[in-house]
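# Working through the structure, step by step
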Amino acid sequence: MISKQLVKKAVIPAAGLGTRFLPATKAVPKELLPIVDVPTIQIIAEEIARAGIETVILITGRGKSAIEDHFDVHLDLENKLLREGKTELAQRLQETSNIVQIVSVRQQSPRGLGDAVLCARDIIGDEPFVVLLGDDLVDSSVPCTKQMIDVYNKHQKSVVALMEVPPDEISKFGICGGKTISEREIELDIMVEKPAEQDAPSNLAIVGRYILTPRIFELLEQTQPGKAGEIQLTDAMSRLMKEQGFIGYKFQGNRYDAGDRFGYLQANIAYALKRPDIAPKLIDYMRRIVSERS
Ligand code: UTP
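Because the structure is predicted, anything quoted here is derived from the model rather than measured.

Parameters and conventions
Residues numbered from 1 in each chain as written. Predicted model: local features only at pLDDT ≥ 70, side-chain atom pairs only at ≥ 80, totals over all residues. Heavy atoms only, no water. Near = heavy atom within 4 Å. Polar contact = N/O pair within 3.5 Å; in protein donor to acceptor, adjacent residues only side chain to side chain. Areas by Shrake-Rupley, 256 points an atom, 1.4 Å probe, with all protein chains shown as cover. 1 Å grid on protein atoms, 1.4 Å probe; cavity = no way out; pocket = protein on both sides within 12 Å on 5 of 7 lines; lining within 4 Å. Sits in = over half its atoms within 2 Å of the grid points. Nonpolar A, V, L, I, M, F, W, Y, C, P; charged D, E, K, R; others polar. Buried < 20%, exposed > 50% of the residue type's maximum accessible area, 1.4 Å probe, protein only. Helix = DSSP H or I, 4+ residues; strand = E, 2+ residues; numbered from the N terminus. Pairing = 2+ DSSP bridges. Contact = heavy atoms within 4.5 Å. Core = buried A, V, L, I, M, F, W, Y, C linked by side-chain atoms within 4.5 Å. Patch = residues over 30% accessible without salt bridge, like charges linked within 9 Å, V, L, I, M, F, W, Y side chains within 5 Å. Salt bridge = Lys/Arg side-chain N within 4 Å of Asp/Glu carboxyl O. Axes fitted to C-alpha atoms, helices over the stretch in contact; angles between N-to-C directions. Parallel < 35°, antiparallel > 145°, perpendicular 65-115°, else oblique. Left-handed = near helix turned anticlockwise from the far one by under 90°.

## A short note on the site of the ligand
Close to the ligand lie 19 residues, the nearest being Ala15, Gly18, Thr19, Gln107 and Gly112. A distance of 3.4 Å separates an oxygen atom of the ligand from a polar backbone atom of Ala14. Gly18 is positioned such that a nitrogen or oxygen atom in its backbone is 2.7 Å from an oxygen atom of the ligand. For the ligand, the accessible surface in isolation is 570 Å², of which the surrounding protein chains cover 85%. Judged by its atoms lying within 2 Å of the grid points, the ligand is housed in the largest pocket. In the shell around the ligand, the residues fall into eight nonpolar, six polar and five charged.

Okay, structure coming up:
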């Protein structure tokens, strides 16, 4: 009997240029922009930890070293906070450096998501792994990564997170089609990167969570630049799907594209509304400004 391969490592590609969020992202990595007071990438690291994964391979690039600093120990600051009696804050800082174990790999230039994932090859080796995009948040009671690991364990096939999108947003995503096998699972038979609305096989869009078998690395190595001159992960995943099969999974939870201005604002409001220290004041404020405008 073939033994089941466990998902033990996660990759967070965070080397992109963040052009949709300029000028904010000229010198500050978009992955560090705060959702209330927690950087996007920390929320992602917490999702990974809650899913039982301890090792994260962070793909960084030029101007992104602040991300590594964020997860590093900052003894001077912790000691200062402790001296001032701000123990709770000091503890929060300590926790930040203990969420997951981070190994960084540098992507030489931002040649696309596929190229970023390929940078993790030597550290991942010959095992399945999860990819979480550094600007994509999924808020759910069971972490999206955990939901997907369960699907992977059941089928022993690569898994991609899917979400229904309105017709006018189809051309912004990788879009999938296939045969429904359960309420939330689809056996995929087509994946297309950013199709025109009329060419799309469905309205099921790929969002930033994937579980991939290591075969993806060989396929990525053979992948030529595609849409926008970038090495597209979707192109290699489409070949992986034809070779090994691929499950599309309609995850439970709310997804926010924190790399997009409006998605970022939505995420801030949604996460603030979950915070007992902020929610009542925010609700009052929103009621007031809405009534003033109407
Ligand atoms: P995006 O396409 O959202 O990132 O990639 P981007 O290129 O930075 O965004 P815009 O369109 O210019 O605003 C999703 C994730 O993949 C990473 C990004 O950092 C982001 O977290 N990425 C993208 C890389 O690591 N390398 C790349 O070459 C491209």
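## Digging into the pairing of strand β11 (residues 204–212)
Consecutive side chains along a regular strand alternate between the two faces of the sheet. The element β11 is largely enclosed, with a buried count of nine among its nine residues. The sheet contact formed by strand β6 (residues 129–132) and β11 spans four bridges and is antiparallel. Residue pairing across strands places Leu132 opposite Arg209, the latter belonging to β11. Of the pairings in the sheet, the one linking strand β9 (residues 174–180) to β11 comprises two bridges and is antiparallel in character. The residue of β11 that forms the bridge with Ile175 is Ala205.

## Regarding the environment of Thr145
Positionally, Thr145 belongs in helix α7 (residues 144–155). Between the alpha carbons of Thr145 and Ile206 there is a distance of 14 Å; along the sequence they are 61 residues apart. Residues within four places of Thr145 in sequence aside, it is in contact with Glu47, Ala51, Ile53, Val130, Leu132 and Arg209.

## Details of the nonpolar core
With 51 residues, the main nonpolar core has Ile35, Ile41, Ile48, Leu137, Val159, Ile211 and Phe251 as its most contacted residues. Residues within four places of Ile35 in sequence aside, it is in contact with Thr40, Ile43, Leu137, Ala258, Tyr264, Ala267, Asn268 and Tyr271. Within the second largest apolar cluster, 34 residues are counted, among which are Val11, Met191, Met237 and Leu240.

## Thoughts on the side chain of Thr96
Examined against the element boundaries, Thr96 turns out to sit in helix α4 (residues 87–96). Once you skip the residues sitting within four places of it in the chain, Thr96 turns out to touch Gln42, His70 and Phe71.

## Notes on a nonpolar patch on the surface
Together, Ile269, Leu273 and Ile283 make up an exposed nonpolar region whose accessible area comes to about 210 Å². You can call Ile269 partly exposed: its relative accessible area is 37%.

## Digging into the environment of Glu197
Position of Glu197 among the secondary structure elements: in the loop between β10 (185–193) and β11. Overall, the relative accessible area of 46% leaves Glu197 in the partly exposed class. The spatial distance from the C-alpha of Glu197 to the C-alpha of Asp168 is 7.2 Å, given a sequence separation of 29 residues.

## What to know about the pairing of β10
Examined bridge by bridge, β9 and β10 share seven bridges and lie antiparallel to one another. Residue pairing across strands places Cys176 opposite Met191, the latter belonging to β10. Counted between consecutive antiparallel strands, the loop separating β9 from β10 contains four residues. The pairing of β10 with strand β12 (residues 246–250) spans three bridges and is classified as antiparallel. Within β12, the position partnered with Glu187 by the bridge is Ile247.

## Topic: the packing of helix α3 (residues 75–83) against α4
It is the contact of α3 with α4, at a shortest axis distance of 8 Å, that shows an interaxial angle of 160°. Between α3 and α4, the crossing angle belongs to the class labelled roughly antiparallel. Between α3 and α4 lies a crossing whose hand is left-handed. Residues Leu77, Glu78, Leu81 and Leu82 of α3 pack against Thr87, Leu89, Ala90, Leu93 and Gln94 of α4. In terms of residue class, the contact of α3 with α4 is built from six nonpolar, two polar and one charged.

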